[in-house]
Amino acid sequence: MTDAVQQRYARFAEQEAPGRSDLYVEWAAGVAADREVQGILARIPENRRQPPLVFAVTRMLGAGLVGYDAWREFVVVRADEIVAECTGRRLQTNEPLRLAPLLPVLSEIDGPIALLEIGASAGLCLYPDRYSYRFVDADGRLRASLDPVDGPSSVVLESRVEGELPAMRMPEVVWRAGIDLAPLDARVERDRGWLQGLVWPGEEGRERRVTAALDIAAFDPPHLVAGDALDRIDALAAEAPADAALVITTPGVLVHIPREARTALVDRIRGLDARWVTIDPPALLDVWDPAVDPDTWPGFVVALDAEVRAASDPLGRWWEWRAGVGATAT
(Lines give C-alpha, C1' and ligand atoms only; values in the text may rest on other atoms or scores of the structure.)
Protein backbone atom coordinates (compact mmCIF):
# COMPACT_ATOMS: atom_id res chain seq x y z
CA MET A 1 0.00 0.00 0.00
CA THR A 2 2.90 2.35 0.70
CA ASP A 3 4.04 1.78 -2.89
CA ALA A 4 0.77 3.27 -4.13
CA VAL A 5 1.30 6.31 -1.90
CA GLN A 6 4.88 6.68 -3.14
CA GLN A 7 3.80 6.55 -6.79
CA ARG A 8 0.91 8.98 -6.30
CA TYR A 9 3.03 11.58 -4.55
CA ALA A 10 5.96 11.18 -6.95
CA ARG A 11 3.58 11.79 -9.87
CA PHE A 12 2.14 14.84 -8.13
CA ALA A 13 5.63 16.25 -7.51
CA GLU A 14 6.78 15.61 -11.06
CA GLN A 15 3.69 16.32 -13.17
CA GLU A 16 0.94 18.17 -11.30
CA ALA A 17 2.41 20.67 -8.83
CA PRO A 18 5.27 22.20 -10.89
CA GLY A 19 4.36 25.68 -12.08
CA ARG A 20 1.60 26.00 -9.49
CA SER A 21 3.20 25.54 -6.09
CA ASP A 22 6.90 25.08 -5.33
CA LEU A 23 6.08 24.20 -1.73
CA TYR A 24 3.72 21.40 -2.76
CA VAL A 25 6.42 20.07 -5.08
CA GLU A 26 8.76 19.95 -2.07
CA TRP A 27 6.23 18.28 0.21
CA ALA A 28 5.15 15.69 -2.36
CA ALA A 29 8.73 14.84 -3.34
CA GLY A 30 9.55 14.46 0.36
CA VAL A 31 6.66 12.05 0.89
CA ALA A 32 7.71 10.06 -2.19
CA ALA A 33 11.11 9.46 -0.55
CA ASP A 34 9.90 8.93 3.04
CA ARG A 35 8.69 5.44 3.99
CA GLU A 36 7.51 6.48 7.47
CA VAL A 37 5.24 9.22 6.17
CA GLN A 38 4.04 6.94 3.38
CA GLY A 39 2.99 4.46 6.05
CA ILE A 40 0.97 7.13 7.85
CA LEU A 41 -0.78 8.25 4.66
CA ALA A 42 -1.47 4.64 3.68
CA ARG A 43 -3.83 4.48 6.70
CA ILE A 44 -6.11 6.99 4.94
CA PRO A 45 -8.71 5.51 2.52
CA GLU A 46 -7.42 5.58 -1.03
CA ASN A 47 -10.02 8.11 -2.21
CA ARG A 48 -9.09 10.50 0.62
CA ARG A 49 -5.30 10.57 0.39
CA GLN A 50 -4.86 12.84 -2.65
CA PRO A 51 -1.94 15.23 -2.08
CA PRO A 52 -4.05 18.44 -2.24
CA LEU A 53 -6.50 17.03 0.33
CA VAL A 54 -3.80 15.76 2.71
CA PHE A 55 -1.80 18.98 2.42
CA ALA A 56 -4.91 21.09 3.04
CA VAL A 57 -5.80 19.07 6.15
CA THR A 58 -2.33 19.55 7.62
CA ARG A 59 -2.54 23.28 6.95
CA MET A 60 -5.99 23.49 8.53
CA LEU A 61 -4.59 21.74 11.61
CA GLY A 62 -1.74 24.25 11.86
CA ALA A 63 1.24 22.85 9.95
CA GLY A 64 2.07 26.19 8.38
CA LEU A 65 3.80 26.90 5.09
CA VAL A 66 7.10 25.39 6.18
CA GLY A 67 9.83 23.27 4.60
CA TYR A 68 9.45 19.50 4.31
CA ASP A 69 11.40 18.59 7.45
CA ALA A 70 9.17 20.75 9.67
CA TRP A 71 6.03 19.57 7.86
CA ARG A 72 7.14 15.95 8.26
CA GLU A 73 7.60 16.42 12.01
CA PHE A 74 4.06 17.83 12.25
CA VAL A 75 2.65 14.84 10.33
CA VAL A 76 4.42 12.29 12.52
CA VAL A 77 3.33 13.96 15.77
CA ARG A 78 -0.29 14.52 14.65
CA ALA A 79 -0.65 11.33 12.57
CA ASP A 80 -3.87 10.02 14.15
CA GLU A 81 -5.63 13.38 13.86
CA ILE A 82 -4.52 13.83 10.27
CA VAL A 83 -5.74 10.35 9.29
CA ALA A 84 -9.11 10.98 10.95
CA GLU A 85 -9.59 14.39 9.33
CA CYS A 86 -8.62 13.16 5.86
CA THR A 87 -10.95 10.16 6.20
CA GLY A 88 -13.90 12.44 6.90
CA ARG A 89 -13.20 15.13 4.31
CA ARG A 90 -13.30 15.48 0.56
CA LEU A 91 -11.93 18.00 -1.92
CA GLN A 92 -14.36 20.92 -2.15
CA THR A 93 -12.93 23.31 -4.72
CA ASN A 94 -15.31 26.24 -4.22
CA GLU A 95 -13.84 28.47 -6.95
CA PRO A 96 -15.87 31.64 -7.67
CA LEU A 97 -13.92 32.19 -10.90
CA ARG A 98 -16.02 29.44 -12.49
CA LEU A 99 -18.76 32.06 -12.69
CA ALA A 100 -16.82 33.98 -15.37
CA PRO A 101 -17.71 31.60 -18.24
CA LEU A 102 -21.17 31.07 -16.72
CA LEU A 103 -22.06 34.77 -16.76
CA PRO A 104 -22.99 34.91 -20.47
CA VAL A 105 -25.07 31.76 -20.00
CA LEU A 106 -26.93 33.27 -17.05
CA SER A 107 -27.40 36.39 -19.19
CA GLU A 108 -29.59 34.35 -21.55
CA ILE A 109 -32.09 33.60 -18.78
CA ASP A 110 -34.80 36.14 -18.06
CA GLY A 111 -34.81 37.06 -14.38
CA PRO A 112 -35.35 37.20 -11.58
CA ILE A 113 -33.38 34.01 -10.90
CA ALA A 114 -33.61 31.44 -8.13
CA LEU A 115 -30.18 29.79 -8.08
CA LEU A 116 -29.69 26.22 -6.84
CA GLU A 117 -26.24 24.63 -6.94
CA ILE A 118 -25.39 20.94 -6.65
CA GLY A 119 -22.13 20.39 -4.77
CA ALA A 120 -22.29 23.88 -3.33
CA SER A 121 -19.61 23.53 -0.63
CA ALA A 122 -19.85 26.95 1.10
CA GLY A 123 -21.94 28.41 -1.72
CA LEU A 124 -19.31 30.75 -3.17
CA CYS A 125 -20.65 30.14 -6.70
CA LEU A 126 -24.13 31.30 -5.66
CA TYR A 127 -23.26 35.02 -5.86
CA PRO A 128 -22.80 35.86 -9.56
CA ASP A 129 -24.54 39.20 -8.95
CA ARG A 130 -22.21 40.18 -6.08
CA TYR A 131 -18.88 39.85 -7.91
CA SER A 132 -17.05 42.08 -10.38
CA TYR A 133 -15.91 40.68 -13.74
CA ARG A 134 -12.89 41.64 -15.81
CA PHE A 135 -12.46 39.96 -19.18
CA VAL A 136 -9.02 40.28 -20.75
CA ASP A 137 -7.21 39.18 -23.91
CA ALA A 138 -4.12 36.97 -24.16
CA ASP A 139 -1.89 39.97 -23.36
CA GLY A 140 -3.88 40.92 -20.28
CA ARG A 141 -5.56 43.94 -21.87
CA LEU A 142 -9.06 44.67 -20.63
CA ARG A 143 -11.78 43.79 -23.13
CA ALA A 144 -14.90 44.17 -21.00
CA SER A 145 -15.98 44.65 -17.40
CA LEU A 146 -19.11 44.31 -15.31
CA ASP A 147 -19.79 45.31 -11.70
CA PRO A 148 -22.73 44.73 -9.32
CA VAL A 149 -25.48 47.33 -9.34
CA ASP A 150 -24.14 48.87 -6.12
CA GLY A 151 -20.58 49.24 -7.41
CA PRO A 152 -17.32 47.26 -7.69
CA SER A 153 -17.06 44.15 -5.55
CA SER A 154 -14.28 43.02 -3.23
CA VAL A 155 -14.26 39.86 -5.37
CA VAL A 156 -12.90 40.52 -8.86
CA LEU A 157 -13.13 37.62 -11.31
CA GLU A 158 -10.59 38.11 -14.08
CA SER A 159 -10.52 35.61 -16.93
CA ARG A 160 -9.07 35.45 -20.42
CA VAL A 161 -11.57 35.33 -23.26
CA GLU A 162 -10.57 33.96 -26.64
CA GLY A 163 -12.47 35.02 -29.74
CA GLU A 164 -15.56 37.21 -29.69
CA LEU A 165 -17.45 38.29 -26.58
CA PRO A 166 -21.12 37.37 -26.21
CA ALA A 167 -23.72 39.70 -24.71
CA MET A 168 -23.50 39.80 -20.91
CA ARG A 169 -25.40 41.43 -18.06
CA MET A 170 -25.53 41.07 -14.30
CA PRO A 171 -28.17 38.53 -13.24
CA GLU A 172 -30.85 39.36 -10.70
CA VAL A 173 -30.61 36.59 -8.09
CA VAL A 174 -33.44 36.61 -5.55
CA TRP A 175 -32.91 33.17 -3.92
CA ARG A 176 -29.75 31.12 -3.34
CA ALA A 177 -29.64 27.51 -2.22
CA GLY A 178 -27.38 24.52 -2.50
CA ILE A 179 -26.97 20.83 -1.77
CA ASP A 180 -23.73 19.22 -0.60
CA LEU A 181 -22.80 15.99 1.12
CA ALA A 182 -20.95 18.13 3.69
CA PRO A 183 -21.88 21.80 3.27
CA LEU A 184 -19.55 24.41 4.74
CA ASP A 185 -20.51 27.56 6.62
CA ALA A 186 -18.59 30.71 5.69
CA ARG A 187 -19.27 32.04 9.19
CA VAL A 188 -17.42 29.15 10.89
CA GLU A 189 -13.68 29.62 11.24
CA ARG A 190 -12.82 25.93 10.78
CA ASP A 191 -14.83 25.74 7.56
CA ARG A 192 -13.21 28.93 6.30
CA GLY A 193 -9.80 27.52 7.14
CA TRP A 194 -10.58 24.35 5.24
CA LEU A 195 -11.50 26.19 2.04
CA GLN A 196 -8.55 28.53 2.36
CA GLY A 197 -6.29 25.52 2.90
CA LEU A 198 -7.48 24.02 -0.39
CA VAL A 199 -5.84 26.95 -2.20
CA TRP A 200 -2.33 25.90 -3.12
CA PRO A 201 0.56 27.95 -1.67
CA GLY A 202 1.64 30.49 -4.27
CA GLU A 203 -1.87 31.06 -5.64
CA GLU A 204 -2.12 34.44 -3.91
CA GLY A 205 -4.76 35.89 -6.22
CA ARG A 206 -6.95 32.86 -5.71
CA GLU A 207 -6.49 32.99 -1.94
CA ARG A 208 -7.60 36.64 -1.84
CA ARG A 209 -10.56 35.84 -4.09
CA VAL A 210 -11.77 32.92 -1.95
CA THR A 211 -11.35 34.86 1.29
CA ALA A 212 -13.30 37.86 -0.03
CA ALA A 213 -16.04 35.56 -1.36
CA LEU A 214 -16.27 33.86 2.03
CA ASP A 215 -16.88 37.28 3.59
CA ILE A 216 -19.75 37.92 1.16
CA ALA A 217 -21.29 34.52 1.88
CA ALA A 218 -20.90 35.03 5.63
CA PHE A 219 -22.72 38.37 5.48
CA ASP A 220 -25.68 36.93 3.55
CA PRO A 221 -25.57 33.12 3.94
CA PRO A 222 -27.22 30.93 1.28
CA HIS A 223 -29.66 28.17 2.18
CA LEU A 224 -27.51 25.01 2.18
CA VAL A 225 -28.78 21.50 2.90
CA ALA A 226 -26.76 18.36 3.57
CA GLY A 227 -27.38 15.13 1.71
CA ASP A 228 -27.35 13.34 -1.59
CA ALA A 229 -28.59 15.50 -4.45
CA LEU A 230 -30.94 12.82 -5.79
CA ASP A 231 -32.64 12.64 -2.41
CA ARG A 232 -32.88 16.37 -1.76
CA ILE A 233 -33.25 18.18 -5.07
CA ASP A 234 -37.02 17.87 -5.53
CA ALA A 235 -37.86 19.26 -2.09
CA LEU A 236 -35.31 22.06 -2.31
CA ALA A 237 -36.39 23.05 -5.81
CA ALA A 238 -39.96 23.30 -4.53
CA GLU A 239 -38.83 25.97 -2.04
CA ALA A 240 -37.75 28.35 -4.82
CA PRO A 241 -39.94 31.44 -5.30
CA ALA A 242 -42.69 30.73 -7.81
CA ASP A 243 -42.16 34.06 -9.59
CA ALA A 244 -38.46 33.42 -10.26
CA ALA A 245 -36.78 31.31 -12.93
CA LEU A 246 -35.23 28.28 -11.24
CA VAL A 247 -31.65 27.76 -12.45
CA ILE A 248 -29.81 24.61 -11.31
CA THR A 249 -26.02 24.68 -11.64
CA THR A 250 -23.57 21.78 -11.49
CA PRO A 251 -20.20 23.50 -12.03
CA GLY A 252 -17.46 20.86 -11.88
CA VAL A 253 -19.31 18.50 -9.52
CA LEU A 254 -20.69 15.77 -11.80
CA VAL A 255 -17.25 14.31 -12.43
CA HIS A 256 -17.15 13.32 -8.74
CA ILE A 257 -20.43 11.38 -8.87
CA PRO A 258 -20.43 7.69 -9.96
CA ARG A 259 -21.79 7.13 -13.47
CA GLU A 260 -25.15 5.55 -12.60
CA ALA A 261 -25.99 8.18 -9.98
CA ARG A 262 -24.70 10.95 -12.27
CA THR A 263 -26.97 9.85 -15.11
CA ALA A 264 -29.96 9.64 -12.76
CA LEU A 265 -29.23 13.12 -11.38
CA VAL A 266 -28.97 14.69 -14.83
CA ASP A 267 -32.25 13.04 -15.81
CA ARG A 268 -33.87 14.36 -12.64
CA ILE A 269 -32.63 17.91 -13.24
CA ARG A 270 -33.82 17.89 -16.84
CA GLY A 271 -37.24 16.68 -15.70
CA LEU A 272 -37.76 19.68 -13.43
CA ASP A 273 -39.23 23.01 -14.48
CA ALA A 274 -35.78 24.57 -14.39
CA ARG A 275 -32.83 25.66 -16.51
CA TRP A 276 -29.61 23.66 -16.14
CA VAL A 277 -26.17 25.28 -16.33
CA THR A 278 -23.00 23.21 -16.10
CA ILE A 279 -19.25 22.94 -16.72
CA ASP A 280 -18.06 19.39 -17.39
CA PRO A 281 -15.35 17.38 -19.14
CA PRO A 282 -16.50 16.73 -22.72
CA ALA A 283 -16.43 12.95 -22.33
CA LEU A 284 -18.37 12.91 -19.06
CA LEU A 285 -21.87 13.13 -20.55
CA ASP A 286 -23.43 12.11 -23.86
CA VAL A 287 -26.17 14.76 -23.84
CA TRP A 288 -24.32 17.63 -25.53
CA ASP A 289 -26.09 19.39 -28.39
CA PRO A 290 -24.31 19.61 -30.73
CA ALA A 291 -22.10 16.64 -29.91
CA VAL A 292 -18.48 17.45 -29.07
CA ASP A 293 -15.35 15.43 -29.82
CA PRO A 294 -13.51 14.86 -26.52
CA ASP A 295 -10.25 14.36 -28.41
CA THR A 296 -10.30 17.81 -29.97
CA TRP A 297 -12.44 19.89 -27.61
CA PRO A 298 -10.32 22.34 -25.58
CA GLY A 299 -10.99 22.29 -21.87
CA PHE A 300 -14.44 21.62 -20.40
CA VAL A 301 -17.90 22.11 -21.91
CA VAL A 302 -20.09 24.98 -20.71
CA ALA A 303 -23.73 24.26 -21.50
CA LEU A 304 -27.27 25.52 -20.95
CA ASP A 305 -29.89 22.75 -20.86
CA ALA A 306 -27.18 20.52 -22.45
CA GLU A 307 -26.85 22.93 -25.38
CA VAL A 308 -23.17 23.77 -25.84
CA ARG A 309 -22.27 27.40 -25.20
CA ALA A 310 -18.52 27.60 -24.59
CA ALA A 311 -15.22 25.83 -24.05
CA SER A 312 -13.64 26.68 -20.71
CA ASP A 313 -10.81 26.04 -18.33
CA PRO A 314 -12.22 23.85 -15.50
CA LEU A 315 -11.77 26.70 -13.00
CA GLY A 316 -12.81 29.52 -15.33
CA ARG A 317 -9.37 31.05 -15.91
CA TRP A 318 -10.08 31.22 -19.67
CA TRP A 319 -13.04 30.54 -21.93
CA GLU A 320 -14.13 30.75 -25.55
CA TRP A 321 -17.72 31.39 -26.60
CA ARG A 322 -18.91 28.95 -29.26
CA ALA A 323 -22.62 29.67 -29.58
CA GLY A 324 -22.76 32.84 -31.66
CA VAL A 325 -21.88 36.34 -30.50
CA GLY A 326 -23.65 39.58 -29.66
CA ALA A 327 -22.85 42.94 -28.17
CA THR A 328 -20.02 43.13 -25.67
CA ALA A 329 -20.28 44.28 -22.09
CA THR A 330 -18.85 47.65 -21.15
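Residues numbered from 1 in each chain as written. Predicted model: local features only at pLDDT ≥ 70, side-chain atom pairs only at ≥ 80, totals over all residues. Heavy atoms only, no water.

As for empty space enclosed by the protein
- Enumeration according to the criterion identifies 2 cavities of 30 Å³ or more in this entry.
- Forming the walls of the largest cavity are Gln92, Thr93, Asn94, Leu195, Leu198, Val199, Arg206 and Val210.
- Here the residues of the lining of the largest cavity are counted per class, giving 4 nonpolar, 3 polar and 1 charged.
- Space inside the second largest cavity adds up to approximately 30 Å³.
- Taken together, Leu99, Leu102, Leu106, Leu115, Cys125, Thr249 and Pro251 form the lining of the second largest cavity. (1 Å grid on protein atoms, 1.4 Å probe; cavity = no way out; pocket = protein on both sides within 12 Å on 5 of 7 lines; lining within 4 Å. Points joined across faces, edges and corners; volume = space filled by probe spheres on them. Nonpolar A, V, L, I, M, F, W, Y, C, P; charged D, E, K, R; others polar.)

Regarding the pattern of salt bridges
- Under the defined criterion, the tally for this structure stands at 28 salt bridges.
- A salt bridge links Arg11 to Glu16, with the nearest nitrogen and oxygen atoms 3.9 Å apart.
- Since its relative accessible area comes to 35%, Arg11 is described here as partly exposed.
- Two residues, Arg309 and Glu307, come together in a salt bridge whose shortest N-O distance is 3.4 Å.
- Residue classification places Arg309 among the buried residues on the basis of a relative accessible area of 12%.
- Classification of Glu307 by relative accessible area gives partly exposed; the value is 36%.
- One connected set of salt bridges, linked through shared partners, spans Arg20, Glu95, Glu203, Arg206 and Arg209. (Salt bridge = Lys/Arg side-chain N within 4 Å of Asp/Glu carboxyl O. Buried < 20%, exposed > 50% of the residue type's maximum accessible area, 1.4 Å probe, protein only.)

Overview of the side chain of Asp280
- Within the secondary structure, Asp280 is located in strand E8 (residues 275-280).
- One buried charge, Asp280, has no salt-bridge partner; the nearest side chain with opposite charge is Arg262, at 7.3 Å.
- For Asp280, the side chain forms a polar contact with the side chain of Thr278, separated by 2.6 Å.
- Residue contacts for Asp280: discarding those within four places in its chain leaves Thr250, Leu254, Leu285, Trp288, Phe300 and Val301. (Helix = DSSP H or I, 4+ residues; strand = E, 2+ residues; numbered from the N terminus. Lys, Arg positive; Asp, Glu negative; His and termini not counted. Polar contact = N/O pair within 3.5 Å; in protein donor to acceptor, adjacent residues only side chain to side chain. Contact = heavy atoms within 4.5 Å.)

Quick word on the confidence of the model for the protein chain
- In this model, the protein chain carries an average pLDDT of 93, and 98% of its residues clear a pLDDT of 70 or more.
- Ignoring residues within four places in sequence, the model shows residues 325-330, a span with pLDDT below 50, making 18 contacts including any to other chains. (pLDDT = per-residue confidence, 0-100.)

A closer look at the environment of Asp243
- For Asp243, the location among the structural elements is in the loop between helix H10 (229-238) and strand E7 (245-251).
- Linking Asp243 and Val174, residues 69 residues apart in sequence, is a C-alpha distance of 9.9 Å.

Structural notes on the packing of aromatic side chains
- Going through the model one piece at a time under the given rule, you end up with 12 aromatic pairs.
- Relative to Trp71, the ring of Tyr68 lies with its centre 5.8 Å away and its plane at 40°, an arrangement referred to as tilted. With a gap of 3 residues between them, Tyr68 and Trp71 both fall in helix H5 (residues 68-77), about one helical turn apart.
- Ring centres of Phe135 and Trp319 lie 5.7 Å apart, and the angle between their planes is 85°; on these two criteria the pair is classed as edge-to-face. With Phe135 in strand E2 (residues 132-136) and Trp319 in strand E11 (residues 318-321), the pair connects residues that are 184 residues apart, well separated along the chain. In this structure, Phe135 and Trp319 share a single accessibility class: buried.
- The rings of Tyr9, Phe12, Tyr24, Trp27, Phe55, Tyr68, Trp71 and Trp200 are connected pair by pair, giving a single aromatic cluster.
- The ring of Trp194 has Arg89 lying over it, and the distance from NZ or CZ to the ring centre is 4.8 Å. (Phe/Tyr/Trp six-rings, centres within 6.5 Å; stacked < 30°, edge-to-face > 60°. Lys NZ or Arg CZ within 6 Å of the ring centre and 35° of its normal.)

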